[in-house]
Amino acid sequence: MKMSKLFVQTLRDFPQDAEAISHKLLVRAGYIKKLANGIYSYLPLMKRVISKVEQIAREELNKAGAQELSMPFVQPAELWQKSGRWQVYGKELLRMKDRHDVELCLGPTHEEVITSIVDGILTSYKQLPVNLYQFQLKFRDEIRPRFGLLRGREFIMKDGYSFHTSQESLDIEYKNMWGAYKRIFDRCNLETKVVQSDSGAIGGKVSHEFMVLTETQTGEDDVFYCKHCDYAANSNHATSKLKDEITTTRFTKEEIVDTPNIRTIKELAQFLKVEENNILKSVLYIVDSKPVMVMIRGDKEVEETKLLNALCGLEIRKATEDEAKEITGSEVGFLSCIGLEDKVKVLFDKSAKNMKNFVIGINQPHKHMVGKNFTKEHDFLDLSLVKEGELCPHCSNPLYVTRGIEVGNIFQLGTKYSEPMNATYTDENGQNKPFIMGCYGIGITRTASAAIEKHHDENGIIWPLAIAPYHCVVVPVNMQESEQKDMAEKIYNSLLSKGVEVVIDDREDRAGVKFKDADLIGFPYRITVGKTAKDGLVEFKTRMTGETVLLSPNEAIKKITEEVDKLKG
RNA sequence: CGGGAUGUAGCGCAGCUUGGUAGCGCACCUCGCUUGGGACGAGGGGGUCGCAGGUUCAAAUCCUGUCAUCCCGACCA
């Protein structure tokens, strides 16, 4: 490709409306252009990167025995009504009607479609297991799209689905996909950490996420991990042991005390000269329009996803102060489960289990009770957010927290879709059984963005060779010097003939412009044909290391060809 | 949906307080000059100032509404 013909416009300045470095660089280097909030055009350079990531995934998945297909982007509401998700999915599902008033939606995921396809084709246990995948546009009407391609409303996803006759068979495929995913991200030069996670709207029991760890805000998930064993989990799923599991106070007798205008746990602890972990905190939520009170140790926070799952709920929010008054008759700061257990659903977090002689509200303004103990059995559930420094549930060493970008995930769905959709096969005994399913996703456009988040410097993108739009750029420093121009063209043509993806910067611009653009766009290798051309030498620069060496044209060609051949394995 | 901010040329911005013929830098076009890290000179093209009302002799500027975008919280690949 000639640079003079390449459809790209690089910008002098970073775009004002971008925050994430990958977003800034993709816009500035001319990879993407925004059409609407969270919706981007993929320009030729971006399209090439996407194709590279897809091809790596395709190769590894095919090797792992999966088969590629392609399903429709627009889906009938009928399917979603069958699975029950038409009501459940909420506003993220973009719905519409066609000219006949038939309800449709844009596919945010494809469990329903694949299940209906497979149900029509696979009828016997002899045909299972099977694993099918596609690369597809997805549309999710996100509450808050941001960070460019990291969280767009429209994005490209690799989604795969497997069908089985038994849990054992699913387990095997789950591990198979786990391995394939590791290899895919390795080949993209992305180090990932596999973490346990909540399965969210997709559903199912077992699920793992592949996280690219980052220090910045662009990693939108908190990941807790142990340095001594392989425990790692998303904050919405992480669990821990407390360092101070048993807590008690000097108050050995139940007593009501005045706590005037003391509304926060911190104030209360100071006022009564106890620790925050001596206070049993009451937090009031509204889950699917019904009040729910969570009793949790004062130094801990409620993890709302866990609470929602415990109740099999759909929608959760904290109660407002007015609602709290109405429900408890008291004021925020003095809430309690005492006397409320018949009226309101009360749940206990496991952090409260070993509290003795604790402090608790009594639903009376400006009063608390001290020296309280549990008088009857409660179920203590895991409803709390883990904090850094708490102990690993496996090996009791301290847990650490970091940020992560979720680039892929795998789920065991079980019969969550096949049962309501009545998708069955016939087993050895002639019985109809619902398919046992797994599902496996990779955010292709997100993976490309994550690669930039991890690989860039102040000059621009530093693509790993495997997913760079081109392997190499050839820069004739001065197009007026025929010696340089001719040598550059020879090298360019030679690389082309060897299957190297190469751009020649044939523009009349000065060298500085070409160098800046080469760095910004992120070509992994640059061959500069300049002053040393008359001595039969060119400059060979590796973007990743900044290393520059003088080589003969043939040596430079050989070096790149070798690197490219390594990719092909 | 709640909190904060912004909409003026492809990109980055000034002008708005105190209404009076729409400007700067980059990019783009022409000519000259230059050619190893975003040169220089001269000339040129491009904007219904987000949109709709209102106030006024006169609105980018003041008022009202509306739409869009971005940032901080609840979603997820």
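Q: Break down the overall build of chain A for me, citing the residues and quoting the values.
A: A tally of helices and strands in chain A yields 13 helices and 31 strands. Summarising its shape, the C-alpha atoms of chain A cover approximately 95 × 65 × 50 Å along the three principal directions. Burial status across chain A gives 53% buried among its 569 residues. For chain A, the proportion of contacts with a sequence separation of at least 24, taken over those separated by at least 6, is 69%. Summed over all atoms, the accessible surface of chain A reaches about 26,700 Å², with 48% contributed by carbon and sulfur. Side chains of chain A give 78 positive and 83 negative charges; the mean places of these two sets differ by 2 Å.

Q: Break down the sheet that holds strand E5 (residues 95-97) for me, with residues and values.
A: The 3 strands lie next to each other as E4-E6-E5, forming an open sheet whose pairing is antiparallel. Two strands close off the open sheet at either side, each with one partner strand: strand E4 (74-76) and E5. Sheet twist, expressed as the mean angle between neighbouring strand axes with direction ignored, is 40 degrees. In terms of strand pairing, E5 meets strand E6 (residues 103-106) through 3 bridges, oriented antiparallel. Looking across to E6, one finds that Met-96 is bridged to Leu-104.

Q: Talk me through the protein's contact with RNA strand B; I want residue IDs and the actual numbers.
A: Close contacts around RNA strand B come from 57 residues, with Glu-92, Glu-142, Ile-143, Asp-519 and Glu-539 the closest. Put simply, 50% of the atoms of RNA strand B that lie within 4 Å of the protein are in sugar or phosphate. At 3.0 Å, a side-chain N or O of Arg-151 approaches a base oxygen of RNA strand B. Note that a sugar or linking oxygen of RNA strand B is positioned 2.9 Å from one of the side-chain N or O atoms of Glu-406. Contributing elements (two or more residues each) for the surface near RNA strand B: strand E8 (154-164), strand E21 (399-414), helix H12 (511-521), strand E29 (525-529) and strand E30 (538-542). When residues in the surface near RNA strand B are grouped by element, the largest group, 8 residues, is from H12.

Q: Describe in detail the confidence of the model for chain A, supporting the description with residues and values.
A: When the pLDDT values of chain A are averaged, the result is 92; 99% of them are 70 or greater. Overall fold confidence (pTM) sits at 0.93, and the ipTM for the predicted complex is 0.92.

Q: For the sheet that holds E30, give the residues involved together with the corresponding values.
A: Read across the open sheet, the 5 strands follow the order E28-E27-E29-E30-E31; overall the sheet is mixed. The two strands at the open ends of the sheet, each matched to only one other strand, are strand E28 (502-504) and strand E31 (548-551). Going from strand to strand, the sheet's axes swing by 20 degrees on average, the running direction of each strand aside. With 5 bridges joining them, strand E27 (residues 472-476) and E29 adopt parallel strand pairing. Bridge pairing in E29 places Val-475 opposite Thr-528.

Criteria and cut-off values
Residues numbered from 1 in each chain as written. Chains lettered and ligands numbered in written order. Predicted model: local features only at pLDDT ≥ 70, side-chain atom pairs only at ≥ 80, totals over all residues. Heavy atoms only, no water. Helix = DSSP H or I, 4+ residues; strand = E, 2+ residues; numbered from the N terminus. Buried < 20%, exposed > 50% of the residue type's maximum accessible area, 1.4 Å probe, protein only. Contact = heavy atoms within 4.5 Å. Areas by Shrake-Rupley, 256 points an atom, 1.4 Å probe, with all protein chains shown as cover. Lys, Arg positive; Asp, Glu negative; His and termini not counted. Charge placed at Lys NZ, Arg CZ, Asp CG, Glu CD. Pairing = 2+ DSSP bridges. Axes fitted to C-alpha atoms, helices over the stretch in contact; angles between N-to-C directions. Near = heavy atom within 4 Å. Polar contact = N/O pair within 3.5 Å; in protein donor to acceptor, adjacent residues only side chain to side chain. pLDDT = per-residue confidence, 0-100.

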